[in-house]
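Listed below are the residues making up each chain.
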Amino acid sequence: MHIAHYYESYDVPDMPPSWMIVEAISFGSLANLVRNLNLANSKSVAWLIGLQEPALKSWCLSLSYLRNLCAHHSRIWNRVYTLKPTTIRQYDDDLNPNDRTYAQAVSLKIMLNKCSGPSNWAQRLKDLIDEFPDTPIDKMGFPRDWKTRAIWKS
């Protein structure tokens with residue numbers, strides 16, 4: 001919608017602003033865009049959202065992979081991920097191990113906190129897990145105290 005409006009209303013510059021393009025592309029394309037930024041630009045983006053540059057690229061790639069698994073109705077509850085978010089010291093307790101669904105959820109929560117407005121995603125995740133109490137969430141890497149950890153309270 002924005003891009004069509006841009007081309008209907010403007011001739012210069014030839015391309016719409018980057019924010020319009022980013023709103024219109026798929027998450028996979030956005031992850032590829034981030035991965036292909038030169039080092040200076042990827043460091044700038046990472047700095048803006050409070051991550052280290054390698055973590056930004058890794059998290060975008062792993063979340064894109066998770067998104068594709070979900071979109072194609074693949075099993076994620078006890079999956080061991082090959083594409084996994086890089087651990088960083090600040091979130092070490094929540095990202096280790098980083099090859100399970102819990103680490104994916106943590107990286108998504110952190111990204112939402114930094115890049116999105118208010119979100120009820122964490123509460124919806126808690127509600128979903130509560131709805132199915134017999135699901136062995138430990139097989140997804142969820143620690144017993146996960147709901148009380150700081151990352152899930154913000």
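Here's what I pulled together on the structure shown here. (Residues numbered from 1 in each chain as written. Predicted model: local features only at pLDDT ≥ 70, side-chain atom pairs only at ≥ 80, totals over all residues. Heavy atoms only, no water.)

What to know about the nonpolar core
Of all hydrophobic cores here, the largest spans 32 residues; its most connected members are Trp 59, Met 111, Leu 125, Phe 142, Trp 146 and Trp 152. Looking at this core, the elements that each hand over two or more residues are helix H3 (27-35), helix H5 (53-71), helix H7 (101-115) and helix H8 (121-131). The greatest single-element share of this core, amounting to 7 residues, is contributed by H5. The contacts of Trp 146, once residues within four sequence positions are left out, are Tyr 102, Leu 125, Lys 126, Ile 129, Ile 137 and Trp 152. (Core = buried A, V, L, I, M, F, W, Y, C linked by side-chain atoms within 4.5 Å. Buried < 20%, exposed > 50% of the residue type's maximum accessible area, 1.4 Å probe, protein only. Helix = DSSP H or I, 4+ residues; strand = E, 2+ residues; numbered from the N terminus. Contact = heavy atoms within 4.5 Å.)

Some words on the pattern of salt bridges
If you walk through the whole model with that rule in mind, you get 4 salt bridges. The closest approach of N and O atoms between Glu 53 and Lys 57, which form a salt bridge, is 3.1 Å. Highlighted residues: Glu 53 and Lys 57, both in helix H5, separated by 4 residues, approximately one helical turn. Assigned by exposure class, Glu 53 and Lys 57 land together as buried. One salt bridge in this structure joins Arg 149 and Asp 94, with 2.9 Å as the shortest N-O distance. Note that Arg 149 is positioned in the segment after H8 and Asp 94 in helix H6 (residues 92-95), a separation of 55 residues in sequence. Pair check on accessibility: Arg 149 and Asp 94 agree, each one buried. (Salt bridge = Lys/Arg side-chain N within 4 Å of Asp/Glu carboxyl O.)

Describing the side chain of Asp 94
Its relative accessible area of 10% is what places Asp 94 among the buried residues. Within the structure, the side chain of Asp 94 is placed 2.8 Å from the side chain of Tyr 102, a separation counted as a polar contact. Within the structure, Asp 94 has its side chain in polar contact with the side chain of Arg 149 (distance 2.9 Å). In contact with Asp 94, other than residues within four places in its own chain, are Tyr 102, Ala 103, Val 106, Arg 149 and Ile 151. (Polar contact = N/O pair within 3.5 Å; in protein donor to acceptor, adjacent residues only side chain to side chain.)

Thoughts on the packing of aromatic side chains
Evaluation of the coordinates by the stated rule reveals 9 aromatic pairs. An angle of 65 degrees between the planes, with centres 4.9 Å apart, marks the rings of Tyr 102 and Phe 142 as edge-to-face. Separated by 40 residues along the polypeptide, Tyr 102 in helix H7 and Phe 142 in the segment after H8 bring together distant segments of the chain. In terms of burial, Tyr 102 and Phe 142 fall into one category: buried. (Phe/Tyr/Trp six-rings, centres within 6.5 Å; stacked < 30°, edge-to-face > 60°.)

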